[in-house]
Amino acid sequence: MFPDVETPSPLLQHLNPEQRAAVTLPNEHALILAGAGSGKTRVLTTRIAWLLSTGQLSPGGVMAVTFTNKAAKEMMTRLSSMLPVNVRGMWIGTFHGLCNRFLRAHWKLANLPQSFQILDTQDQLSAVKRVMKQFNVDEERFPAKETQWFIGGCKEDGLRPRDVQVRTEEDRRRVELYQLYEEQCAREGVVDFGELMLRSYELLRDNDAIRAHYQRRFRHILIDEFQDTNKLQYAWIKIFAFNPDGSSGAGNSIFAVGDDDQSIYAFRGARVGNMADFVREFQVRHQIKLEQNYRSYSNILDSANALISHNKGRLGKNLRTDQGPGEPVRVYEAPTDLAEAQWLLEEMRHLVRGDGPEGGTARREIAVLYRSNAQSRVIETALFNAGVPYRVYGGLRFFERAEIKHALAYLRLLENPNDDTSFLRVVNFPPRGIGARSIEQLQDAARAAGCSLHDAVSATTGKAGANLGAFVAKIDVLREQTQNLSLREIIELVLQHSGLIEQYRAERDGAERIENLEELASAAESFVMQEGFGRDAVALPVDELSQSPVSQGLDPDQPLLNEPAPDYVPPDAETGETLSPLAAFLTHAALEAGDNQASAGQDAVQLMTVHSAKGLEFDVVFVTGLEEGLFPSERSMSDLDGLEEERRLMYVAITRARKRLYLSHSQTRLLHGQTRYNVRSRFFDELPEHALKWLTPKNQSFGGSAFGFGAGYASTRSGGGGGGGWNADRFASPPVPAQKAEPSHGLKAGLQVFHTKFGEGTVLSIEGQGDDARAQVKFTRHGVKWLALAVAKLTPVT
DNA sequence: CAGGCCATTGTTTTT
DNA sequence: CAATGGCCTG
């Protein structure tokens, strides 16, 4: 039964001592502090494989939770390559995916309609707007976005409307809206993302039999990226181990893996404190640190370690590597954002040609990281003009595109006519003469009758009623017609008869949209193949705790899937009932937004925000725009927590690099149509000098924490030339550093000046020469700003 | 009812 | 600079 000490399992062979210790921990709660590049996913999957192969656990007894579908898929793929186990029947998935599976299985107890649909963020916002409109809430005083954020925040904290503390009149109003929104969702048979979590948590908390069942069933629960869990997710995990009264559950073990230094999602409710709470409340006796890094050379790691050591209250961890120092971290200062882009283009060319580490670097191994999406533009333009293939991450994802959302809305109406969100989305798209007026009337009728918009149509009269009637009839006919069709056929029929294809064919750039709609049909088809609909789907004994080891989970007739679907919902254990392929596909579309941009396969440079780079690694990494006010961002600099999160973000950025790391900043940058003068980021001052190589002279900086001011900006119009002024020559010669030469403008630090817009101020410092000259001025009324002397009208005050 | 024009406003992202 | 949203006219 247990591993033979003499011949350790081959699973453990390639693990270092700490990893092995983590994998083979006894069946108790444990916290693994896994540094960047320390083999975290490997430990997680090997742990599961080891438990299964030693017979300590059956596939049905494991639950593994991740944050992204990508991570869940990777875990399943790796696991199935280690062991011949059917991963589809195992509870491996995202928090939301698993909650969905749970609620599908217990929809009655959860008080949900059997085929409830899931609202994504867009849908949720329009649902909130609808509630607010219906109850005549002033959108000026209560922006819908804010209300949405409020509702989401409440759910994340596990609070129902009646649980929310009300202090002000505005609070009372918000809670009221929350309540009304809840009622609307219930009426329409839809749940939002937060609801998936909260509803399943409540069911586990309040239903003793259900809780006892799952506590017994999931002997081992493993959680990835634990530092990113929010309050509700923590409570959700806890309810599997403890009863609401605090007594221990069935003695299962929670295996949490995380890295407090990589916690970068506090802004959306993540609580790093969950790690410390976990240790305390679960009386964790096993804590293992994975500090051996297999990714980067030591100059890169030293930089990361030095930087992050400036944060307080860390759990404490230092990455180390057996690889040598490697190349120094290169630092570059550009005069403008354009020049910065030109410079990295030039560096990339060298890298790809073969001057880089170990000969030519593949473009896909080069990543350009930035703090905010807006920064990608200049870089994209430079790459595009130079004909360098690149790929930008972020932006609209497949299932979020308008045309796809429209098609899905039609499909959702087939499944659930009460889905008013979908009804409103397509009732007049393509245009069929149903305007705001008719819709308002319809909404009034629906409210009076207490029914859905769909059902209210029959009561309406007049010419508006005729159009509405035709729409509803079309939907109902489609529902009939698609009764016995395959999913692909359903979608094709809907695309034709809804008029979507026709509509886009008439539009100027509708070709791409039509392509996407065709892609939707293909996506549906491959989804059907994956989920095994149509074929005889094998109902796994998922609800029975099998005492036998791995072999029980094996099904020789079931081929192992290359890409297991993490949102798989097993058929009902009693009735064998499964979701219709359409309902399953709609759920899939809501839970997995899909890739953002295809064009994969080509060898392209990777552009992305630091946030989306988390979890990835590249041979060469450029971190750009390292300027005060940008990175760290302006909004985070006011409080310490915000600044520490920015530092962790920087830590994540640095640790993405395997072989070579570049850090760059620019003196000026065009942002919001204005030229901003930025000081280099304080993070440069927190890096070890020995690991750095300054490609441009390191000038005296007044940035950094010494003064503690943020970067101001000169409110000058950008020159009419539109940025064409900087060319290759400009950056080829390094920018002139601030000289002590006599300035021509007659200003110097300490001088009192007057500005037409900002009034009186004191010059703090001067930098640059000629047209580049700029002054940092502390204004009495407007704070510290940087002003371009060539443009700003500054006059000395006597 | 629909399309066009002007004013506003800008982190980070997954489910 | 750009995307988005509200308002106004044909």
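Residues numbered from 1 in each chain as written. Chains lettered and ligands numbered in written order. Predicted model: local features only at pLDDT ≥ 70, side-chain atom pairs only at ≥ 80, totals over all residues. Heavy atoms only, no water.

Chain A carries the name DNA 3'-5' helicase in an unreviewed UniProt entry, which gives Ramlibacter henchirensis as its organism. UniProt's Sequence similarities (unreviewed entry) comment on chain A is quoted here verbatim: "Belongs to the helicase family. UvrD subfamily." (UniProt positions renumbered as here; feature names shortened; annotations may be inferred.)

1. A few points about the confidence of the model for chain A
Of the residues in chain A, 85% reach a pLDDT of 70 or more, and the chain-wide mean stands at 85. Counting interchain partners and residues more than four positions distant, the pLDDT-below-50 stretch residues 534-562 has 39 contacts. (pLDDT = per-residue confidence, 0-100. Contact = heavy atoms within 4.5 Å.)

2. Re helix α8 (residues 193-206)
With 14 residues, α8 ought to run about 20 Å at 1.5 Å a step, and its terminal C-alpha atoms sit 20 Å apart, in line with that. Counting buried positions over the 14 residues of α8 gives ten, a clear majority of the element. Within the span of α8, buried status applies to Glu-195, Leu-196, Met-197, Leu-198, Arg-199, Ser-200, Tyr-201, Glu-202, Leu-203 and Leu-204. Its side-chain oxygen placed 3.0 Å from the backbone nitrogen of Gly-194, Asp-192 serves as the N-cap of α8. (Helix = DSSP H or I, 4+ residues; strand = E, 2+ residues; numbered from the N terminus. Expected span 1.5 Å × (residues − 1). Buried < 20%, exposed > 50% of the residue type's maximum accessible area, 1.4 Å probe, protein only. Polar contact = N/O pair within 3.5 Å; in protein donor to acceptor, adjacent residues only side chain to side chain.)

3. Focus on the protein's contact with DNA strand C
Around DNA strand C, the surrounding shell consists of Arg-377, His-672 and Gly-673. The sugar-phosphate share of atoms of DNA strand C within 4 Å of the protein amounts to 22%. Arg-377 has a polar side-chain atom sitting 3.1 Å from a phosphate oxygen of DNA strand C. Here a base nitrogen of DNA strand C and a backbone polar atom of His-672 are 3.4 Å apart. (Near = heavy atom within 4 Å.)

4. Brief notes about the nonpolar core
Within soluble globular proteins, side chains that are nonpolar generally end up buried alongside one another. One finds Met-63, Trp-236, Phe-240 and Phe-278 to be the most contacted residues of the largest nonpolar core, which totals 64 residues. Here this core gets eight residues from one element, more than from any other, and that element is helix α10 (residues 231-241). The two domains that each donate at least three residues to this core are domain 1 (17-109 + 195-292) and domain 2 (118-188). Contacts of Met-63, omitting those with residues within four sequence positions, involve Trp-91, Leu-98, Phe-218, His-220, Ile-221, Leu-222, Trp-236 and Phe-240. Formed by 48 residues, the second largest nonpolar core is a distinct cluster that contains Leu-411, Val-427, Phe-527 and Val-528. (Core = buried A, V, L, I, M, F, W, Y, C linked by side-chain atoms within 4.5 Å. Domains from an automatic or database assignment.)

5. A closer look at the protein's contact with DNA strand B
Contacts to DNA strand B come from 31 residues, most closely from Thr-121, Arg-371, Gly-435, Thr-609 and Ser-633. Taking all atoms of DNA strand B within 4 Å of the protein, the share assigned to sugar and phosphate is 54%. The backbone of Gly-435 places a nitrogen or oxygen atom 2.3 Å from a phosphate oxygen of DNA strand B. Take Ser-438: an N or O atom from its side chain is 3.1 Å from a phosphate oxygen of DNA strand B. Broken down by secondary-structure element, the contributors of at least two residues to the surface near DNA strand B are α17 (436-449) and α24 (610-613). The leading source of residues in the surface near DNA strand B is α17, at three residues. For the surface near DNA strand B, the residue count by class is eight nonpolar, 17 polar and six charged. (Nonpolar A, V, L, I, M, F, W, Y, C, P; charged D, E, K, R; others polar.)

6. Some points on helix α25 (residues 640-654)
In a regular helix each residue adds 1.5 Å, so 15 residues correspond to 21 Å; α25 covers 21 Å between its end C-alpha atoms and thus fits that length. Where burial is concerned, most of α25 is hidden: 13 out of the 15 residues are buried.

7. Quick notes on the UniProt feature "binding site: ATP" (unreviewed entry) in chain A
Under the UniProt annotation, the feature "binding site: ATP" (unreviewed entry) is placed at Ala-34, Gly-35, Ala-36, Gly-37, Ser-38, Gly-39, Lys-40 and Thr-41. When you line up the elements, Gly-35 lands in the loop between β1 (30-34) and α2 (40-53). Excluding residues that lie within four positions of it along the chain, Gly-35 makes contacts with Asp-259, Gln-262, Leu-290, Lys-317 and Leu-319. Take Ala-36: it is sitting in the loop between β1 and α2.

8. Some details on the packing of aromatic side chains
By the definition in use, this model includes 26 aromatic pairs. Three or more aromatic residues link up through ring pairs in this structure, and these residues are Phe-67, Trp-91, Phe-95, Phe-102, Tyr-214, Phe-218, Trp-236 and Phe-240. One Lys or Arg, Arg-101, reaches over the ring of Trp-91 and ends 5.1 Å from the middle of that ring. (Phe/Tyr/Trp six-rings, centres within 6.5 Å; stacked < 30°, edge-to-face > 60°. Lys NZ or Arg CZ within 6 Å of the ring centre and 35° of its normal.)

9. Topic: the packing of helix α15 (residues 402-415) against helix α19 (residues 462-481)
Interaxial distance between α15 and α19 falls to 9 Å at its minimum, and their mutual angle equals 70°. The pairing of α15 with α19 is recorded here as roughly perpendicular in orientation. Contacts from Tyr-410, Leu-413 and Leu-414 of α15 reach α19 at Phe-471, Ile-475, Leu-478 and Arg-479. Of the residues in the contact of α15 with α19, the class split is six nonpolar, no polar and one charged. (Axes fitted to C-alpha atoms, helices over the stretch in contact; angles between N-to-C directions. Parallel < 35°, antiparallel > 145°, perpendicular 65-115°, else oblique.)

10. Quick notes on the sheet that holds β1
Taken in spatial order, the six strands of this open sheet run β3-β2-β6-β7-β1-β8, and their pairing is parallel. Both edges of this open sheet fall to β3 (91-94) and β8 (286-290), since each of them pairs with a single strand only. Strand-to-strand twist in this sheet, taken as the mean axis angle between neighbours without regard to direction, amounts to 15°. Sitting on the sheet, helix α4 (residues 95-105) touches β2 (62-66), β3 and β6 (220-223), and the angle it makes with β3 is about 125°. Taken strand by strand, helix α11 (residues 273-281) contacts β1, β7 (253-258) and β8, and its axis lies near 150° from that of β1. (Pairing = 2+ DSSP bridges.)

11. Focus on the UniProt feature "domain: UvrD-like helicase ATP-binding" (unreviewed entry) in chain A
Under the local residue numbering, the UniProt record ascribes the feature "domain: UvrD-like helicase ATP-binding" (unreviewed entry) to residues 13-297. Taken end to end, residues 13-297 is 48% helix and 12% strand, and its two terminal C-alpha atoms sit 24 Å from one another.

12. Brief notes about the environment of Met-82
Within the secondary structure, Met-82 sits in helix α3 (residues 69-82). Each C-alpha atom of the pair Met-82 and Trp-50 lies 9.6 Å from the other, and the pair is 32 residues apart in sequence. Every residue in contact with Met-82, bar those within four places of it in the chain, is listed here: Leu-11, Thr-45, Thr-46 and Ala-49.

13. Looking at unusual backbone geometry
Along the chain, Phe-429 connects to Pro-430 via a cis peptide bond; the corresponding omega equals -5°. Within the secondary structure layout, Pro-430 lies in the loop between α16 (420-426) and α17. Cis geometry marks the peptide bond from Phe-631 to Pro-632, where omega comes out at 10°. When you line up the elements, Pro-632 lands in the loop between β13 (618-623) and α25. Despite not being glycine, Asn-136 shows a phi value in the positive range, around 50°. Topologically, Asn-136 is positioned in the loop between α5 (121-134) and α6 (144-156). Exposure remark for Asn-136: the relative accessible area of 69% places this residue in the exposed category. For Glu-225, which is not glycine, the phi dihedral falls at a positive 50°.

14. Some points on the domain arrangement of chain A
Assigned domains of chain A: these are domain 1 (17-109 + 195-292), domain 2 (118-188), domain 3 (329-397 + 597-694), domain 4 (401-541) and domain 5 (751-796). Each of domain 1 and domain 4 was reduced to a C-alpha centroid, and the two centroids are 38 Å apart.

15. Side note on the pairing of β8
Every second residue of β8 is oriented toward a common face, the buried set being His-286, Ile-288 and Leu-290 and the non-buried set Gln-287 and Lys-289. Taken together, the five bridges between β1 and β8 define a ladder with parallel strand orientation. Paired with Ala-30 across the two strands is His-286, which belongs to β8.

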